[in-house]
Amino acid sequence: MTNQNRRAVVLLSGGLDSSTVLGMATRDGYVCTALSFRYGQRHTVELERAATVAAHFGAAHRVIDINIGSFGGSALTDESMVVPTDGTEDGVIPPTYVPGRNTVFIAVGLSLAEAIDAERVFLGINAVDYSGYPDCRPEYLSAYQTLADLATKAGLEGRGAVLTAPLAELTKADIVREALAVGVPIDVTWSCYQGGEEPCGVCDSCRIRDRALIEAGRPDLATRYAQAQLA
């Protein structure tokens, strides 16, 4: 059976990982609805980029307002907290972790999937070259799938949406290679924790992304900061 006319929801932040997943799902023939969130983050540049990426792949795009950022507790939502620029320690969850973010986002994604009869919810989570977030681990996703199968009418009927994270075990450099293979407009995607005219190049997310782009042979797509370090 082909995937033509089979629906999927793709959680799309506008960053490299989730944009790659949208490209992969589109390549595999799913009719995709991209789902983004205005959750009280420091900036909305990523939402603008998400709209562009969704249009690039011909996906419907929905933006949901759910202001979990008002609770604080994260450098990505609380401007009194400093976004780290000197890396993170192994085994230490960084201040850029947003409490419960993926748990909330996946719940909304499952709700949309059930409403439109989508058979998959695609996620861009990655457990290898990442910042150590607890809600990006395979065991987290497995436990959530069990909950989803119990908590939805579709799940009880044996046709619940499958949580699908094709990047979970890939290195960041491999994600870049996959992005290139499926035609992601990498220069459009936004992974920086800061807002602004261009990525800062020094936050944890920028540094991980730049290192991967260089390793994958595309230093031209890295930030100006990284390119200056290579010069």
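Refer to the structure printed above.
Residues numbered from 1 in each chain as written. Predicted model: local features only at pLDDT ≥ 70, side-chain atom pairs only at ≥ 80, totals over all residues. Heavy atoms only, no water.

## Some details on the pairing of strand β2 (residues 31-38)
Regular strands have side chains that alternate between both faces of the sheet. Heads up, the condition is: Only protein chains enter the area calculation, which uses a 1.4 Å probe; residues under 20% of their type maximum are buried, those over 50% are exposed, and those in between are partly exposed. Numbering goes from the N terminus for both helices and strands, where a helix is a DSSP run of H or I of at least four residues and a strand is a run of E of at least two. Should DSSP find at least two bridges between two strands, the strands are taken to pair. With the strands aimed away from the viewer, a crossover counts as right-handed if its path from the first strand over the helix to the second runs clockwise.
Most of β2 is tucked away: 6 of the 8 residues are buried. In the sheet, strand β1 (residues 7-11) pairs with β2 via 5 bridges, with the strands oriented parallel. Its bridge partner being in β2, R7 is matched across the sheet by V31. One crossover worth recording links β1 to the parallel β2 by way of helix α1 (residues 16-27), and it is right-handed. Bridge analysis of β2 against strand β3 (residues 60-65) gives 6 bridges, and the strand direction is parallel. When the bridges of β3 are listed, R38 appears paired with D65. Where the polypeptide runs from β2 across helix α2 (residues 45-56) and back to β3, its parallel neighbour, the crossover connection is right-handed.

## Let's talk about the sheet that holds β2
Inclusion rule: Every axis in this analysis is a line fitted to C-alpha atoms, fitted for helices over the stretch in contact. Angles between the N-to-C directions lie between 0 and 180 degrees.
Spatially, the 5 strands line up as an open sheet ordered β3-β2-β1-β4-β5, and their pairing is parallel. In this open sheet, the two strands that pair with only one neighbour each are β3 and β5 (162-164). Averaged over neighbouring strand pairs, the angle between their axes works out to 25° when direction is ignored.

## Topic: the packing of aromatic side chains
In this description, a pair of aromatic rings is defined by centroid distance and the angle of the planes. The condition is simple: Only the six-membered ring of Trp is used, alongside the rings of Phe and Tyr, when aromatic pairs are assigned; centres must lie within 6.5 Å, and planes under 30 degrees apart are stacked while those over 60 apart are edge-to-face, with the rest tilted.
Tallying each qualifying case throughout the model produces 4 aromatic pairs. Arranged with centres 5.4 Å apart and planes meeting at 65°, the rings of Y39 and F105 form a pair that is edge-to-face. Linking Y39 in the loop between β2 and α2 with F105 in helix α3 (residues 101-116), this pair joins segments that are 66 residues apart in sequence. Residues Y39 and F105 agree in their burial class; the two are buried.

On their own, these measurements won't tell you what the molecule is for.
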